[in-house]
Amino acid sequence: MPAPLESFLSSWSVWILAASWQLALLGVVVWALCRIFPAMPLRLRYALWLVVLIKAFLPPTLGAPWGFGSWGVEPVRDLAASVLHLHMNPIEAWHAEVHNPAELGIVRQELPAWFSSFKPVAPWVALALCAVWLLGLLGGLAGILAEQGRLAWMLSRARIVESGPLADALVRRAKAVGVRAPRLLLCRETDEPFLCGLFRPAIVLPAGLPGDLSAEALDSVLDHELIHLRRGDLLACWAEALLGCLFWFHPVAWLVQARLDEEREFAVDEAAARLSRPSRYGRALLETALACARQRTGQGVACGFLGWAGAANGPDDLLARRIRRVTELPEREPPASIFGSYATVAVFALVFVPLGPVSEATAAAPPPSVAVSQP
């Protein structure tokens, strides 16, 4: 096997293993927190899941003395290494042979005789696993491109609303939310309102929906999509789609995607309901759901008002939970609750994002040089 390819596979295998277990650990921690504290503010729940999403794209080696990786993961890893003799995993053993043969020479004396067979096998095992991962990655990217192609086709057939009562309502609600009014399109090929367009945002409504809704319900629909725009949720949607491509094999990545879809809608519902009244917004949710067709069509990477894309147990179940949570909101939220939510997210990120180990020996030692052993 060529030395550059062997070095690439070595680095890839270490990255995919470390990123996978860190994603699993952080995802399970956030899931457990949401289960233990069901009364947690909606914005806080979504922010914690966003931390998991951001962590998936950070280097697994990121560490800090105060991080959980230093005082939580590293002691467990050291204990396991003393019992299981470190590098018992074939791919990790081969990586140590490539990057730090001196260390491996010491450990090799304590390992069974069958350890010597890992060296010729591990590179080809890593190559096969990397090929399967690349196929899944390319398949996911192809699916996103297909969805975006369908979305572009839908938008090309939509009618732009530039004047009239509907355009005036959009401008009025945009001022109330605090954003610049995006484009407004009416489309016959969609079954629910949604926001799309990362660089040229547009709110897309089913062609017949404005005539079927009351003025209050239409304002709530526009508020919802404008808050998505203000919060930058389209960027989070794209990052979530990329997460699904990179970790298509990871069950916790599937959990993170599902929870992000639902908690995003819950958090936006909370913000939109406080612009009017929770009871009024809850009626708007129900009225819009009744006015929209039940069969949902694909619409690419977008933020929909009804959120049927993220319904794990069906659209009716998600809608019922959203209405229930909105109607349970107090009319006013105390400022202390908002500050506490932001402080909690900041502390959680500082502790659980740096999962890489930090030790005095690691900090004092120079970075290991890449060396490929001779056959």
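Counting restarts for each chain, with residues numbered from 1 along the sequence as it is written. In view of the model being predicted, local features appear only for residues whose pLDDT reaches at least 70, and side-chain atom pairs are presented and counted only at 80 or more, with totals across whole chains, interfaces and linings using the full set of residues. The basis for every side-chain value is the complete set of non-hydrogen atoms in the structure, without hydrogens or water.

1. Some words on the overall build of the protein chain
Only DSSP runs of H or I reaching four residues or more are called helices, and only runs of E reaching two or more are called strands; each is numbered from the N terminus. Each helix and strand in the protein chain was counted, giving 15 helices and five strands. Residue burial is assigned from relative accessible area. The probe radius is 1.4 Å, only protein chains are included, and a residue is buried under 20% of its type maximum, exposed over 50%, and partly exposed in between. The buried share among the 375 residues of the protein chain stands at 45%. Residue contacts are counted whenever heavy atoms from the two residues lie within 4.5 Å of one another. Taking as baseline every contact in the protein chain between residues at least 6 positions apart, the subset at least 24 positions apart corresponds to 77%. Entry remark: accessible area of the protein chain is about 18700 Å², with carbon and sulfur atoms responsible for 66%. In short, Shrake-Rupley with a 1.4 Å probe defines the accessible areas, and a residue's cover is counted only from the protein chains shown.

2. Digging into a nonpolar patch on the surface
Judged by side-chain polarity, Phe57, Leu138, Leu141 and Leu242 come together as a nonpolar surface patch covering roughly 330 Å² of accessible area. Inspection of the secondary structure puts Leu138 in helix 6 (residues 118-156). Under the relative-accessibility criterion, Leu138 is labelled exposed at 53%. Here a patch means residues that are over 30% exposed by relative accessible area and free of salt bridges, tied together within 9 Å if like-charged and within 5 Å if nonpolar (Val, Leu, Ile, Met, Phe, Trp, Tyr). Any Lys or Arg side-chain nitrogen found within 4 Å of a carboxyl oxygen on Asp or Glu counts as a salt bridge.

3. Some words on the packing of helix 11 (residues 251-273) against helix 12 (residues 278-291)
Contact geometry of helix 11 with helix 12 gives a least axis separation of 8 Å together with a crossing angle of 125 degrees. As the angle between them shows, helix 11 and helix 12 are arranged oblique. Side by side, helix 11 and helix 12 meet where Asp269, Ala272 and Ala273 of the first sit next to Pro278, Tyr281 and Leu285 of the second. Residue type decides the class: Asp, Glu, Lys and Arg count as charged, Ala, Val, Leu, Ile, Met, Phe, Trp, Tyr, Cys and Pro as nonpolar, and the leftover types, Gly among them, as polar. Residues that form the contact of helix 11 with helix 12 fall into these classes: five nonpolar, no polar and one charged. Every axis corresponds to a line fitted to the C-alpha atoms, with the helix fit spanning only the stretch in contact, and the corresponding angles, defined between N-to-C directions, vary from 0 to 180 degrees. Should an angle fall under 35 degrees it is called roughly parallel, over 145 degrees roughly antiparallel, and 65 to 115 degrees roughly perpendicular, with every other angle called oblique.

4. Concerning helix 2 (residues 42-56)
Multiply 1.5 Å by the residue count of a helix minus one, and that product is the helix's expected span. End to end, helix 2 covers 22 Å across 15 residues, agreeing with the expected 21 Å (1.5 Å per residue, within 8%). Within helix 2, 12 of the 15 residues are buried, which leaves the element mostly enclosed by the surrounding structure. Along helix 2, the residues that are buried comprise Leu42, Leu44, Arg45, Tyr46, Ala47, Leu48, Trp49, Val51, Val52, Leu53, Lys55 and Ala56.

5. Considerations on the packing of helix 9 (residues 215-231) against helix 12
The contact between helix 9 and helix 12 brings their axes to 9 Å, and the two run at 95 degrees. Regarding the angle of helix 9 to helix 12, the classification is roughly perpendicular. Every residue of helix 12 that contacts helix 9 at Glu216, Ala217, Asp219, Ser220, Val221 and His224 is listed here: Arg280, Tyr281, Arg283, Ala284, Glu287 and Thr288. In terms of residue class, the contact of helix 9 with helix 12 is built from four nonpolar, three polar and five charged.

6. Quick word on the packing of aromatic side chains
Only Phe, Tyr and Trp rings are paired, with Trp represented by its six-membered ring, and only when their centres lie within 6.5 Å; those with planes under 30 degrees apart are stacked, over 60 edge-to-face, the remainder tilted. If you walk through the whole model with that rule in mind, you get eight aromatic pairs. Ring centres 5.9 Å apart and planes at 40 degrees place the aromatic pair Trp15 and Phe247 in the tilted group. On the criterion of sequence distance, the pair formed by Trp15 in helix 1 (residues 3-36) and Phe247 in the loop between helix 10 (233-246) and helix 11 is long-range, its members being 232 residues apart. Aromatic pair Phe247 and Phe249: ring centres 6.2 Å apart, planes at 50 degrees, arrangement tilted. With a relative accessible area of 0%, Phe247 lands in the buried category. Accessibility expressed as a relative area gives 32% for Phe249, which makes it partly exposed. Ring pairing ties together the aromatic residues Trp12, Trp15, Trp133, Phe247, Trp248 and Phe249, which thus form one cluster.

7. Section: the nonpolar core
Judged by nonpolar contacts, the single largest core of 42 residues is most densely connected at Leu23, Phe247 and Val256. Every element with two or more residues in this core is listed here: helix 1, helix 2, helix 3 (68-84), helix 6, helix 10, helix 11 and helix 14 (335-352). Top contributing element to this core by residue count: helix 2, with nine residues. When sequence neighbours within four positions are dropped, the list of residues in contact with Phe247 reads Trp15, Ile16, Ala19, Ser20, Leu23, Ala56, Ala253 and Trp254. Counting residues in hydrophobic clusters, the runner-up holds 38 residues, among them Leu186, Leu195, Ile203 and Leu205. Side-chain atoms within 4.5 Å link the members of a nonpolar core, which is a set of buried Ala, Val, Leu, Ile, Met, Phe, Trp, Tyr and Cys residues.

8. Structural notes on the pattern of salt bridges
Under the definition given, this model contains 15 salt bridges. With its nearest N and O atoms 3.3 Å apart, the salt bridge here joins Arg45 to Glu263. Taken as a pair, Arg45 in helix 2 and Glu263 in helix 11 lie far apart in primary sequence, 218 residues in all. Here Glu263 falls in the buried class, since its relative accessible area comes to 0%. Between Arg322 and Asp269 there is a salt bridge; the shortest N-O distance is 2.6 Å. Here Arg322 is found in helix 13 (residues 315-327), whereas its partner Asp269 is found in helix 11, with 53 residues between them in sequence. Sharing partners across several salt bridges, the network here consists of Arg45, Arg259, Glu262, Glu263, Arg321 and Arg325.

9. Looking at helix 10
Residues spaced three or four apart along an α-helix point in a common direction, a consequence of the helix completing one turn every 3.6 residues. Here helix 10 spans 20 Å end to end across 14 residues, near enough to the 20 Å set by a 1.5 Å rise per residue. The buried fraction of helix 10 is high, at 10 of 14 residues. Those residues of helix 10 that fall on the buried side of the exposure criterion are Asp233, Leu234, Ala236, Cys237, Glu240, Ala241, Leu243, Gly244, Cys245 and Leu246.

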